[in-house]
Amino acid sequence: MPDNHPQAQIYDSHSGGERPIKVAARDVCVEYNGKQALNHVSIDIPDRSVTAFIGPSGCGKSTFLRCLNRMNDTIEGARVTGSLKIDGREVNDRAVDPVVLRASVGMVFQKPNPFPKSIYDNVAYGPRIHGLALSKNALDGIVETALRKAGLWEEVSDRLADPGTSLSGGQQQRLVIARAIAINPEVILMDEPCSALDPIATAKIEELIDELRENYCIIIVTHSMQQAARVSQKTAFFHMGNLVEFGPTEDIFTNPRDPRTQDYITGRFG
Amino acid sequence: MTDTPDTTSIRDAVNQHLARRYRAETRFQLAGLSAVAAAVGILAVLLGSIIAQGLPAFTVHQLVLPVQLNAELVDREGDGSEASLRRGSYSRVLQEAIRAEFPDVSARRDLRNLFGLYTPLNSTRLMDEVLARPELVGTTHTFRMPIADDLDLYLKGRLVEDRTLDTAGALTAQAGEDGVLVQSSEPDFAGLSADITDLVNAEARLLETRAEQARLRSEDLTGTEREDALFEAGRLAADAADMRARAATQDGWLVLNADLPSILVEANGTTLRLTELSSDGRRARAETLLGEAEIDAREDWTLYVVDTPESRRRVSDQAIVWTRALSDRGRISHDFNTYLFANADSREPELAGVKGALYGSILTMLITVALSVPVGVFTALYLEEYAPKNRFTDLIEVNINNLAAVPSIVFGLLGLAVFINAFGLPRSAPLVGGLVLSLMTLPTVIIATRAALKAVPASIRQAALAVGASKTQTVFHHVLPLAAPGILTGSIIGLAQALGETAPLLMIGMVAFIADAPTLGLEGLTQPATVMPVQIFLWSDGAERAFEARTAAAILVLLALMIGFNGLAIYLRRRFERRW
Ligand SMILES: Nc1ncnc2c1ncn2[C@@H]1O[C@H](COP(=O)(O)OP(=O)(O)OP(=O)(O)O)[C@@H](O)[C@H]1O
Ligand SMILES: [Mg+2]
């Protein structure tokens, strides 16, 4: 696992504001059993920032997210074309091992899905299978760091052996985020991570996303305009498989260029 | 809250239906409850009757006899070597021991009956004891052996109807010309002669009714049929007249025979069987079955009546008398039936046990578990997780589902053709039985495993894949452990079915009479064996009545085995579930 992109840091300090491109998609199309779900999407997603995907239900947000860690491979009948590069490396290449890819592109799902194992084992699972820790101590350290980053350490440090499923929904979602960041990915994909949470838990997750932004490239799908406005620096609006508009979050919300974006954020459809 | 006319009408409609809905719910609950009650009731009756039938088989009456292990009988060569001890005449030793109990018995026929108190197979057991402890030669050894199965049933009160009557008078008996004359100072025999007269008269009435019926039938018939019926009526009427004549005492004496209850007089080690009863109720004629005929004015004596006539039971009065005498002398002990567990099958029910079948079942099940569970689970894993979905895999799936519905005897035929005829594996062997049962169990295991794998939520697979687990890691770290309880349940159901299976094993010769238990080890896999359900099947067919109880006992053992098996499954389930 490469360390957290030192070269990006250097680049960042020279670039005065505009961050380097982490993910570059060109003409990405996806079809499920011949049915087009994503239509020639081209987008450049910057590193160390939060990018929000918004759009009406079924417009292909999750589909695009799944392209980034090749989870579409696991769906029968899914076919992905086009070019998708992370750090300049082609993702859709046959030579790329999805296992290696997913180690650097973490994913958090809409519904918290902890393994039915202990809290500790949930977080330690990734590092274990990738052989990231050489000793028990090192593993303990990784687990603690991940849980701290996810803002869960204080709540669970004395009950690491409890099953992960015994936590509350919000805690579970943070546990799942800890699990994703324990293997030190470069990109974190979040598919509606707060849709099942109450405002307080949501606030905690948003806070967490804000902190994680320092080190990771975060892409978040959300149905909440407010959330997109609060956490993201850039926003992409999808509609019926097309990327309609992409730009700084402020611009999208205050000054949308496309009438469809305008309609969506003012609540006229979707 | 505003009630528009619309909402009121909706509420009315709901209220109208409410009562009906509640009624439907109550009906449904009642139906469910009664179904459960019926199931529990049937189960209770079933279990109750099996337990009531089987419990007596768990105990056995044993003869405890001092046997003289004379060197000249037992140690033919006189050197105490095994070969010499093996040639010893142990049946003679046993015969001597039982003759010592009843020295008066001398007639050939009586002796044969006396030796029938135990099965001759016991001499082999005595030899085994001597072989194990050669120092016994020359000593008097206390030997325990099960009493003959019918007498065991008699002692358990399951063979005949009998009663013991109290007596009031003093008893005197004298041997005379026409048998022993028995006299009591009080009319102690009066009640008995009334009973027996009633019995004979009832029998006569029955014959008369049948004669009358035959006569009436003849009126509707013609030709030879009519003649036959009339003849029958005449014969029955003659029999009835005979009966009446018997009930009418001859010179004041009522004659007893083997078709009437046996009346035994027991006093001071003597047992007399009454042959004639006097109408005065005080005198009787008798024959001696045990001990001295002379009795002089004894106060303590009993009348023992066996209501089941001798001609309609499997044990003679003489055998009963001997057994009661042995029991009085403390030569019979009522023990837990160790033979039932320590022995394999035997022609003699008192020595027959389930050990052979139990070992056979264990060996067979070991093969079945070792083959069907791993093969089944991995097949299901491959089909469910790895195999592409296409025509070919669809075909395989349909075939597996069909296999689960194939009658089990077909698997037996397959086993006969493939394993025995083509591969040349031995007949009656647990190895072949296990192979056949594995074939039968495989579809069940595969289907159960696939269902369990399907039930694992997709979110768990996604979670594992998303942190970079490979397909195989996902399956083995997450999916399989989560599916384990379901897989276990399915497998256990399949295996329990296999444990109770008889039909396919008949085809491969596991139905033979096998008197030696297979060894619990690798070599036991190819030794001839049978299994519990087949043993039950064999015993249920057994001619001796004692096999009835043993059949029920074997069913109880099999049930216990099944309950143990299911208990293990529940325990494993709990353990797996707690881990997650
Ligand atoms: N596994 C699948 N198989 C077939 N079609 C699918 C599958 N997943 C998604 N689709 C189709 O692809 C299209 C885009 O779905 P996607 O899940 O990406 O929408 P979304 O933008 O995430 O919607 P939502 O906001 O409701 O989650 C939809 O029309 C959907 O029907
Ligand atoms: Mg979605």
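These numbers were taken from a predicted model, which means no experiment stands behind them. (Residues numbered from 1 in each chain as written. Chains lettered and ligands numbered in written order. Predicted model: local features only at pLDDT ≥ 70, side-chain atom pairs only at ≥ 80, totals over all residues. Heavy atoms only, no water.)

1. A few points about the domain arrangement of chain B
For chain B, the assigned domains are domain 1 (57–155), domain 2 (162–313) and domain 3 (349–576). In this structure, domain 2 of chain B and domain 3 of chain B have C-alpha centres spaced 60 Å apart. (Domains from an automatic or database assignment.)

2. Focus on the packing of helix 14 (residues 408–422) of chain B against helix 15 (residues 430–454) of chain B
All names here are of chain B. Helix 15 packs onto helix 14 with a crossing angle of 130° between their chain directions and a minimal axis gap of 9 Å. One finds that helix 14 runs oblique with respect to helix 15. Regarding helix 14 and helix 15, the two cross each other, and that crossing is right-handed. Within the contact between the two elements, helix 14 uses Ser408, Phe411, Gly412, Leu414, Gly415, Phe419 and Ile420 and helix 15 uses Val432, Leu435, Val436, Leu439 and Met440. (Axes fitted to C-alpha atoms, helices over the stretch in contact; angles between N-to-C directions. Helix = DSSP H or I, 4+ residues; strand = E, 2+ residues; numbered from the N terminus. Parallel < 35°, antiparallel > 145°, perpendicular 65-115°, else oblique. Left-handed = near helix turned anticlockwise from the far one by under 90°. Contact = heavy atoms within 4.5 Å.)

3. Let's talk about the site of ligand 1
All names here are of chain A. Near ligand 1 there are 14 residues, and of these Ser57, Lys61, Ser62, Thr63 and His223 occur at the shortest range. Residue Gly60 places a main-chain N or O atom 3.0 Å away from an oxygen atom belonging to ligand 1. Within the contact set of ligand 1, an oxygen atom lies 2.5 Å away from a side-chain nitrogen or oxygen of Ser62. For ligand 1, the accessible surface in isolation is 620 Å², of which the surrounding protein chains cover 67%. Secondary structure elements with two or more residues in the shell around ligand 1: strand 2 (35–46) and helix 2 (61–68). The leading source of residues in the shell around ligand 1 is helix 2, at four residues. Of the residues that constitute the shell around ligand 1, the class distribution is four nonpolar, six polar and four charged. (Near = heavy atom within 4 Å. Polar contact = N/O pair within 3.5 Å; in protein donor to acceptor, adjacent residues only side chain to side chain. Areas by Shrake-Rupley, 256 points an atom, 1.4 Å probe, with all protein chains shown as cover. Nonpolar A, V, L, I, M, F, W, Y, C, P; charged D, E, K, R; others polar.)

4. Focus on the confidence of the model for chain A
Residue and element names in this part refer to chain A. Across chain A, the average pLDDT comes to 87, with 93% of residues at 70 or higher. Of all secondary-structure elements in chain A, the lowest mean pLDDT belongs to helix 1 (residues 6–15), at 36, while strand 3 (residues 50–54) reaches the highest, 95. Segment residues 1–16: pLDDT under 50, and 21 contacts once partners within four positions in sequence are set aside and those in other chains are kept. (pLDDT = per-residue confidence, 0-100.)

5. Notes on the sheet that holds strand 5 (residues 89–90) of chain A
Residue and element names in this part refer to chain A. Spatially, 2-1-4-5 is the arrangement adopted by the four strands of the open sheet, whose pairing is antiparallel. Of all the strands in the sheet, the pair left with one neighbour each is strand 2 and strand 5. Sheet topology note: the strand 1 (residues 21–32)/strand 4 (residues 78–86) ladder contains eight bridges and is antiparallel. Bridge pairing links Glu31 to Arg79 in strand 4. Across the face of the sheet, helix 2 comes into contact with strand 1, strand 2 and strand 4 while running at roughly 120° to strand 1. (Pairing = 2+ DSSP bridges.)

6. Observations concerning a negative patch on the surface
Side chains of Asp104(B), Glu292(B), Glu294(B) and Asp296(B) sit close together on the surface and give a patch of like negative charge. Secondary-structure assignment places Asp296(B) in strand 10 (residues 295–298). (Patch = residues over 30% accessible without salt bridge, like charges linked within 9 Å, V, L, I, M, F, W, Y side chains within 5 Å. Salt bridge = Lys/Arg side-chain N within 4 Å of Asp/Glu carboxyl O. Lys, Arg positive; Asp, Glu negative; His and termini not counted. Charge placed at Lys NZ, Arg CZ, Asp CG, Glu CD.)

7. A closer look at the interface of chain B and chain A
Opposite the 18 residues of chain B that make contact, chain A presents 18 residues. In this assembly, chain B packs against chain A so that about 1,600 Å² is buried in total across both faces, 68% of it on carbon and sulfur atoms. Between the two partners, chain B and chain A, sit zero salt bridges. Summed over the shared surface of chain B and chain A, the result is four residue pairs in polar contact (both at pLDDT 80 or more). Element by element, the count of residues in the side of chain B that touches chain A is highest for helix 16 (residues 458–466) of chain B, at seven residues. For the side of chain B that touches chain A, the residue count by class is nine nonpolar, seven polar and two charged. (Buried area = accessible area lost by both parts, 1.4 Å probe.)

8. Some points on the pairing of strand 1 of chain A
When strand 1 of chain A meets strand 2 of chain A, the two strands line up antiparallel, connected through eight bridges. Paired with Val23(A) across the strands is Ile45(A), a residue of strand 2 of chain A.

9. Re the side chain of Glu501(B)
Residue and element names in this part refer to chain B. Among the structural elements, Glu501 can be located in the loop between helix 17 (471–499) and helix 18 (503–507). Within the buried set, Glu501 has no salt-bridge partner at all; the shortest N-O distance to an opposite charge, 17 Å, is to Arg427. Ignoring anything within four residues of it in the chain, the contact list for Glu501 reads Ser408, Leu437, Met440 and Pro533. (Buried < 20%, exposed > 50% of the residue type's maximum accessible area, 1.4 Å probe, protein only.)

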